[in-house]
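Architecture and fold: a report
Residue strings, one per chain:
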Amino acid sequence: MADVAVQPDGRSGGIVIEDDWPGYSLDLFSYPAHYSGDLDCVFIPHGVIMDRTERLARNIMDDLGDHDIVVLCVLKGGYQFCADLVDRIKALSRNSNRSIPMRVHFIRLKSYLNDRSTEDLHILGAEDLSFLAGKNVLIVEAIVGTGKTMKTLLKHVEAFRPKMIKVAGLLVKRVPHNWACLPDYVGFEIPNRFVVGYALDYNEYFRDLNHICVISESGKIKYKI
Ligand code: HPA
Ligand code: MG
């Protein structure tokens, strides 16, 4: 996040999904039957996520090729994006003259209850990150909302004195003022709506959904705690 990826027009640099995007009808795609009635629409189909991820991998390779990196996967929501991104970087490393030696480390953040962010952010598995000293770190996150979580995490990681920190975020929500803390690599810039699927959850449900979808009001009630 050293140099913020904000564009001259204040945009994130990812594919922009506008506020009035209605999504695709669920009838156009397949999804698990156990979620019928729980979703409003397919917001980003799985294939589009994969295609965008492939390009992000190339951008990362262009910038960091031949550097050793430590990938810091932010669980739980980031597991699918991280796995697919690492997979694409590996494919590029196999098929070109440049390559990125990668280590992968996992940390876990928790701050959401239902569809609301709670005040207390827990960082688990990050007690001793001293092995990051002098390393190039790529933080991989599924979603950046207000940027508050991202800022807290960056401060935490910076304390271990890595040589460089870059952040890849699959989704960035368009919320006021989060442009002050944007990932270096952004998949999609989306409206400020609660989305699920592709490992993003609502109270631990919907991680087993391939597409990124908008949850329905009845789905929110059904899985509320
Ligand atoms: N969905 C799931 N988890 C999240 C979201 C979201 O829209 N925003 C922050 N965490
Ligand atoms: Mg969650």
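Residues numbered from 1 in each chain as written. Chains lettered and ligands numbered in written order. Predicted model: local features only at pLDDT ≥ 70, side-chain atom pairs only at ≥ 80, totals over all residues. Heavy atoms only, no water.

Structural notes on the site of ligand 1
Selection rule: One heavy atom suffices: a residue is near a molecule or strand as soon as one of its heavy atoms comes within 4 Å of it. Any N or O atom pair separated by 3.5 Å or less is treated as a polar contact, with the protein-specific requirement of one donor-capable and one acceptor-capable atom, and with residues adjacent in sequence counted only for side-chain atom pairs. We get accessible surface area from the Shrake-Rupley algorithm with a probe of 1.4 Å; when it comes to residues, only the shown protein chains can shield them. Following the grouping adopted for this structure description, the nonpolar residues are Ala, Val, Leu, Ile, Met, Phe, Trp, Tyr, Cys and Pro, the charged ones are Asp, Glu, Lys and Arg, and the polar ones are all others, Gly among them.
Every residue near ligand 1 is listed here: Y112, I143, K173, R193, F194, V195 and D201. One of the side-chain N or O atoms of K173 is found 2.8 Å from an oxygen atom in ligand 1. Measuring from a nitrogen atom of ligand 1, one finds a backbone N or O atom of V195 at 2.5 Å. Summarising the interface, the protein chains cover 91% of the accessible area of ligand 1, which totals 260 Å² for the free molecule. For the shell around ligand 1, the class distribution of residues is four nonpolar, no polar and three charged.

Here we look at the environment of I69
Let me state the cut-off plainly: Helix and strand assignments come from DSSP, with helices taken as H or I runs of at least 4 residues and strands as E runs of at least 2, each series counted from the N terminus. Note on contacts: a residue pair is in contact if any heavy atoms of the two residues lie within 4.5 Å.
Relative to the assigned elements, I69 resides in strand β3 (residues 69–75). As for I69 and N97, which are separated by 28 residues in sequence, their C-alpha atoms are 17 Å apart. Discounting chain neighbours no more than four positions away, the residues touching I69 are L64, I100, P101, M102, R103, N136 and L138.

As for the environment of V104
Looking at where V104 falls in the secondary structure, it is placed in strand β4 (residues 102–113). Each C-alpha atom of the pair V104 and R94 lies 18 Å from the other, and the pair is 10 residues apart in sequence.

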